[in-house]
Amino acid sequence: MRIAYQYRLRPTSSQIALMEQWLELLRKQYNYRLAERFTWWEQNRCPINACPFICHLPELKDRPDFYSQKRDLVNTKARFPEYQAIHSQVLQNCVERVHKAFDRWLKGDCNGQRAGKPRFKGVGRYRSLTFPQMKQDCIQGRFIHLPKLGAVKLVQHRPLPEGFVIKTATLTRKADGWYVTLSLQDSRVPELTPEPPTLENTFALAARSALGIDVGLDSFLVTDEGESVPVPRYYRKAELRLKRLQRALSRKQKRSNRRRKALKPLAKAHLKVANQRKDFHYKTVKKLVSKGKHIAYEALNIKGIAGTRLAKSAYDAGWGQFLQILAVKAERAGLRAIAVNPNGTSQSCASCGQKVPKGLSDRWHSCPHCGLQLSRDQNAAINIKYRAVGHPVLKAQEMSFTGVTEKPALFIATQRGATALAARFPSGCRRRSALLWHESGSMSLS
Ligand SMILES: [Zn+2]
């Protein structure tokens, strides 16, 4: 398992100056390598169905890839000696970032999700540098020893966890100072503690091993037991202050000294909102995971919601980050976080399975078929839990009278929305077609 621990750094002013200088050089290098790749495409593309009869073939250059660009760093160092001051692996990591950004754009990740076209980074937009190899005893006392930077003071607010080895260290410049993120790895696989949820043990009241949660904007989440967590709305609370700071910034002349100064409080205010939200997410996840049950949630189309009128509130709630933290923390606790298909979870009745249509404003579920009275969100949460254990509600009813009639399929395999699980156990690329692009070299993607 790979986890990350972040500590605050207290570098000296000369160390800050050095790191700032590195970042600027790395930014230029990143832009150059990116441009190299874009230029290759420009020079070597030719539409297949419109090739002229007489064409002057340009001298075909080798296509720049990760290895050729890495080899070329020698020339960079020869032409610009200031690059020799940077730790060699940090510089190579910059090329790797270009490689990854390009691959995510053209090939996509293991789920076939493609990212946008990589962008050139403006001044101050390159904010972190990575040491891909670290000594295990790099932290000594209140200092962390970094190659070429020396001993940098750090605030170690918690010790490193037992049994983990340090893989990489990333230095990040944030609005309120410098941070180091240590990536730690533990090759032991945590055991799944409670037995996986099935029809039998979920329906038996004594051994409930799954918990359904319904996330929303009315309350941040509602469990199938009816507990609810209110939405904290940190952004909404800070909006007035942010607005004022933003206005102050906008009044300043571009590229002026005063504008640069006005940027700092604004960046800090945004950072504070983000930190508050993250803290809330961690605390909520902690409460959920400490129940010791597998957790079922809806695989929401967050991007879809963010395109509607609910965008600001959706971003303020930050479900995506919450679910990410949930998946990691559940795994560490030996539990499963199961994503289920969200279609119709709030519309069907949790007791009889009949459709009970309601609009967004109907907050109460009252079933005309069986007389169930419940809050809308709790009803949805129960449905989500049922889906995670792999049966529709009606089958659950049947079962309560006649006992289990059919063996449920392994719930992970049956869930179309179990993307979170798939992402944690990637077994090669799902979309071969995206990969095929690489072989054919054509820009069309199926
Ligand atoms: Zn009903």
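Worth saying up front: this structure is predicted, and the values here are computed from it rather than measured.

Novice: Which residues make up the overall build of the protein chain, and what values go with them?
Specialist: When you go through the protein chain residue by residue, the secondary structure sums to 15 helices and 14 strands. Sequence-distant contacts in the protein chain: of pairs separated by 6 or more residues, those separated by 24 or more amount to 65%.

Novice: Describe unusual backbone geometry, with residues and values.
Specialist: What is expected of a backbone is that most residues other than glycine have negative phi and most peptide bonds are trans. For K148, which is not a glycine, the phi torsion comes out positive at approximately 70°. Tracing the sequence through the fold places K148 in the loop between β4 (143-146) and β5 (150-155). Judged by C-beta crowding, with 12 C-beta atoms within 10 Å, K148 ranks as exposed. Phi at R255 is positive, roughly 60°, even though this residue is not glycine. Relative to the assigned elements, R255 resides in the loop between α6 (234-251) and α7 (257-289). For R255, a count of 7 C-beta atoms within 10 Å translates into the label exposed.

Novice: Account for the nonpolar core, naming residues and giving values.
Specialist: Formed by 36 residues in total, the largest nonpolar core has its most connected members in I295, A296, Y297 and L326. Contributing elements (two or more residues each) for this core: β8 (210-215), β9 (221-223), α7, β11 (294-298), α9 (311-317), α10 (319-332), β12 (337-340) and α11 (376-388). With residues near it in sequence (within four places) discarded, Y297 still touches I213, V215, L323, A337, A339 and I384. The next biggest cluster of nonpolar side chains, apart from the first, holds 25 residues, and it includes L26, L129, I144 and A169.

Novice: Account for α11, with residues named and values stated.
Specialist: With 13 residues, α11 should cover 18 Å at 1.5 Å per step; its first-to-last C-alpha distance of 19 Å lies within 8% of that length. Counting buried positions along α11 yields 13 of 13 residues, so the element is predominantly enclosed.

Novice: Describe the packing of helix α1 (residues 13-44) against helix α4 (residues 88-106), and please don't skip the residues or the numbers.
Specialist: The interhelical angle for the contact between α1 and α4, taken along N-to-C directions, is 40°, at an axis separation of 9 Å. Judged by the inter-axis angle, α1 sits oblique to α4. In the packing of α1 onto α4, the handedness of the crossing is right-handed. Contact residues: L26, Q29, Y30, R33, L34 and R37 in α1; L91, C94, V95, R97, V98 and F102 in α4.

Novice: So, α10: which residues are in play, and what are the values?
Specialist: Its 14 residues place the ends of α10 20 Å apart at the C-alpha level, agreeing with the 20 Å of an ideal helix rising 1.5 Å per residue. Along α10, the residues classified as buried are W319, F322, L323, L326, A327, A330 and E331. Axial view of α10: buried residues confined to an arc of 160°, hence all on one face.

Rules used throughout
Residues numbered from 1 in each chain as written. Predicted model: local features only at pLDDT ≥ 70, side-chain atom pairs only at ≥ 80, totals over all residues. Helix = DSSP H or I, 4+ residues; strand = E, 2+ residues; numbered from the N terminus. Contact = placed C-beta atoms within 7 Å. Buried ≥ 20, exposed ≤ 12 C-beta atoms within 10 Å, placed from the backbone. Core = buried A, V, L, I, M, F, W, Y, C linked by C-beta atoms within 7 Å. Expected span 1.5 Å × (residues − 1). Axes fitted to C-alpha atoms, helices over the stretch in contact; angles between N-to-C directions. Parallel < 35°, antiparallel > 145°, perpendicular 65-115°, else oblique. Left-handed = near helix turned anticlockwise from the far one by under 90°. Arc of directions from axis to C-beta.

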